[in-house]
Amino acid sequence: MKKPLFLLTLPLMLLSACGGGSSKTKIGILQFGSFEALQKATDGFTETLKESDIADEIEITISNPNADSAQNTAMASTLASKSDLVYGVATPSAGALKSAVASFGLDIPVLFSAVTNPIGANLVTALDKPGGNCTGVTDLSDIASQLEILAQFDVHKVVSFYTSTEVNSVYQADIADEWLKQHNIEHVRKTITSASEISSAMSSISSDVDALFLPTDDTIANAIGQVKQANEARTSKLIITGCDVGMISGTIFCSGINYYQSGVQAAKMAISIIKDGKNPADIPVQDCQTSEIMVNKTWADSLGINIPQAVLDLQGAKII
């Protein structure tokens, strides 16, 4: 059984090998899909580590199941068995890594990013003091602020569109439901179980719906092109907003975190564990420190959707 890294207090160069006779600390990364947000979270993590003073003392392995659940589970087991620390990018991968680590009877650190509700996903027991061997960075955006922007379009009926099996998405839809009801905007939920259902689900949305709210949802983000095509095929075009700026090609505007920065923050946690011997149980889960707003005026114009000047004038907004 591997000795937990966070219990080691020797300098990194003196860490004993956990496998294969290597003196380097092995870091395994499981990135659930290939879409932009998750790639940025991986890039921020790896680039920060490679630029740190422990760069020569670590060995990084990256696996990507391309949103295939069976592959995600298998890759998690492989990484957990061969790593000293693992990093899960998105809830399915973080959860698979934590389960795999536990199944091997190990207690190696499990870090995460691109996870919206780490308590609901059973990754931690509390945000301020996670307990166990898992901590990381959340990607929960300011949904209230996002819906305030959406309200500038004078919407009366909004559909939350998400994957029913993604707990992060359900959590965000619940937040949206409360806000929209408080502001007397009708709210309807439309769910899918896989990307293959996107086109038919979009076509079944009634013509009296004004807007679509997309939470951070791995399945939909990975297939945002299908959402775009389905909206273009509708007679009544939808004002689509998303919580992931990586979805901007298929949305009118997005407001969310900077995923590269979330990876940077997770890497700093890894460094504090490896170099300083900190215990993940005592490292609070962090919110991402940087947010972004993007407005897709080009696509809105092609759909005949007028973007209010107040939205175009939002501070820090990037207009494309």
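What you see is a predicted model, and the numbers here were worked out from it, not measured in a lab.

> I tried to follow the overall build of the chain on my own but got confused; where do I start?
When helices and strands are tallied, the chain shows eleven helices and 13 strands. The C-alpha radius of gyration computed for the chain amounts to 21 Å, which stays within 12% of the reference 20 Å derived for 320 residues, consistent with globular compactness. Projecting the C-alpha coordinates of the chain onto the three principal axes gives extents of approximately 65 × 40 × 30 Å. In the chain, which comprises 320 residues, the share counted as buried stands at 55%. Partitioning the contacts of the chain with sequence separation of at least 6, the portion at a separation of at least 24 is 74%. Summed over its atoms, the accessible surface of the chain is roughly 13200 Å², and 49% of this surface lies on carbon and sulfur atoms.

> Would you explain the nonpolar core in this entry?
When a protein is soluble and globular, its nonpolar side chains tend to lie buried together. If you look at the biggest cluster of nonpolar residues, it comprises 79 residues, and the most contacted ones within it are F45, F153 and F161. In terms of residue count, helix α9 (residues 259-274) provides more of this core than any other element does, eight residues in total. If we ignore the near neighbours within four places in the chain, the residues touching F153 are I239, I252, F253, I305, N306, I307, P308 and V311. The next biggest cluster of nonpolar side chains, apart from the first, holds 20 residues, and it includes A96, V110, L123 and V124.

> Please clarify how the sheet that holds strand β5 (residues 134-138) should be interpreted in this entry.
Consider a sheet: its strands pair through backbone hydrogen bonds, and that pairing is either parallel or antiparallel. Spatially, β2-β1-β3-β4-β5-β11 is the arrangement adopted by the six strands of the open sheet, whose pairing is parallel. Each edge of the open sheet carries a strand with a single partner, namely β2 (58-63) and β11 (286-287). When β5 meets β11, the two strands line up parallel, connected through two bridges. Looking across to β11, one finds that T138 is bridged to D287. Here α9 sits on the sheet and contacts β1 (25-31), β3 (85-89), β4 (110-115), β5 and β11; the angle it forms with β4, its principal contact strand, is near 170°.

> Teacher, can you tell me more about unusual backbone geometry here?
Among all residues save glycine, negative phi is the norm, and among peptide bonds the norm is trans. Of note in the backbone geometry, D154 takes a positive phi value of approximately 60° without being a glycine. Mapping D154 onto the fold places it in the loop between α4 (143-151) and β6 (157-163). Backbone geometry places N184, a non-glycine residue, at a positive phi of 55°.

> Is there a simple way to think about the side chain of S262 in this case?
Of note, S262 is situated in helix α9. Judged by relative accessible area, S262 falls into the buried class, the value being 0%. If near-sequence neighbours (up to four positions away) are discounted, S262 is found in contact with A41, S113, V137, I257 and C288.

> What am I meant to see in the pairing of β6 here?
The side chains of a regular strand alternate between both faces of the sheet. By the criterion of burial, β6 is predominantly enclosed, with seven of the seven residues buried. Neither face of β6 is left uncovered, since the one carrying K157, V159, F161 and T163 and the one carrying V158, S160 and Y162 both have all their residues buried. Relative to strand β7 (residues 186-192), β6 runs parallel, the two sharing seven bridges. Along β7, the bridge assignment pairs S160 with R189. One crossover worth recording links β6 to the parallel β7 by way of helix α5 (residues 167-182), and it is right-handed.

> Hey, could you run me through the pairing of β2 in this one?
In the sheet, β1 pairs with β2 via six bridges, with the strands oriented parallel. Looking at the pairing, T25 lines up with I58 of β2. In this view, the connection linking β1 to its parallel neighbour β2 by way of helix α1 (residues 36-50) has right-handed handedness.

> What am I meant to see in the sheet that holds strand β9 (residues 239-242) here?
An order of β7-β6-β8-β9-β10-β12-β13 is seen for the seven strands of this open sheet, with the pairing classed as mixed. Pairing within the sheet leaves two strands with one partner each, and these edge strands are β7 and β13 (318-319). Where strand β12 (residues 291-295) meets β13, two bridges bridge the pair, whose relative direction is parallel. Paired with V295 across the strands is I319, a residue of β13.

> Got a minute to help me understand the pattern of salt bridges in this structure?
As enumerated under the stated definition, the model contains eight salt bridges in all. The partner of K157 in a salt bridge is D208, with the nearest N and O atoms 3.1 Å apart. Taken together, the residues span a long stretch of sequence, with K157 in strand β6 and D208 in the loop between α6 (198-203) and β8 (211-214) at a distance of 51 residues. The exposure class assigned to K157 is buried, which follows from its relative accessible area of 13%. Through salt bridges with shared partners, a single ionic network connects K157, E186 and D208.

> It is not clear to me how α5 should be interpreted in this structure. Could you clarify?
An α-helix turns once per 3.6 residues; consequently, residues spaced three or four apart project the same way. The terminal C-alpha atoms of α5, which comprises 16 residues, lie 23 Å apart, in line with the 22 Å expected from a rise of 1.5 Å per residue. Considered for burial, the residues of α5 that qualify are N168, S169, Q172, A173, A176, D177, W179 and L180. Where α5 is buried, its residues touch α3 (91-103), β4, α4, β6, β7 and β8. Directly beyond the C-terminal end of α5, a positive phi value near 55° is found at N184.

About the criteria used
Residues numbered from 1 in each chain as written. Predicted model: local features only at pLDDT ≥ 70, side-chain atom pairs only at ≥ 80, totals over all residues. Heavy atoms only, no water. Helix = DSSP H or I, 4+ residues; strand = E, 2+ residues; numbered from the N terminus. Rg over C-alpha atoms; globule rule 2.2 N^0.38 Å. Buried < 20%, exposed > 50% of the residue type's maximum accessible area, 1.4 Å probe, protein only. Contact = heavy atoms within 4.5 Å. Areas by Shrake-Rupley, 256 points an atom, 1.4 Å probe, with all protein chains shown as cover. Core = buried A, V, L, I, M, F, W, Y, C linked by side-chain atoms within 4.5 Å. Pairing = 2+ DSSP bridges. Axes fitted to C-alpha atoms, helices over the stretch in contact; angles between N-to-C directions. Right-handed = clockwise from strand over helix to strand, strands pointing away. Salt bridge = Lys/Arg side-chain N within 4 Å of Asp/Glu carboxyl O. Expected span 1.5 Å × (residues − 1).

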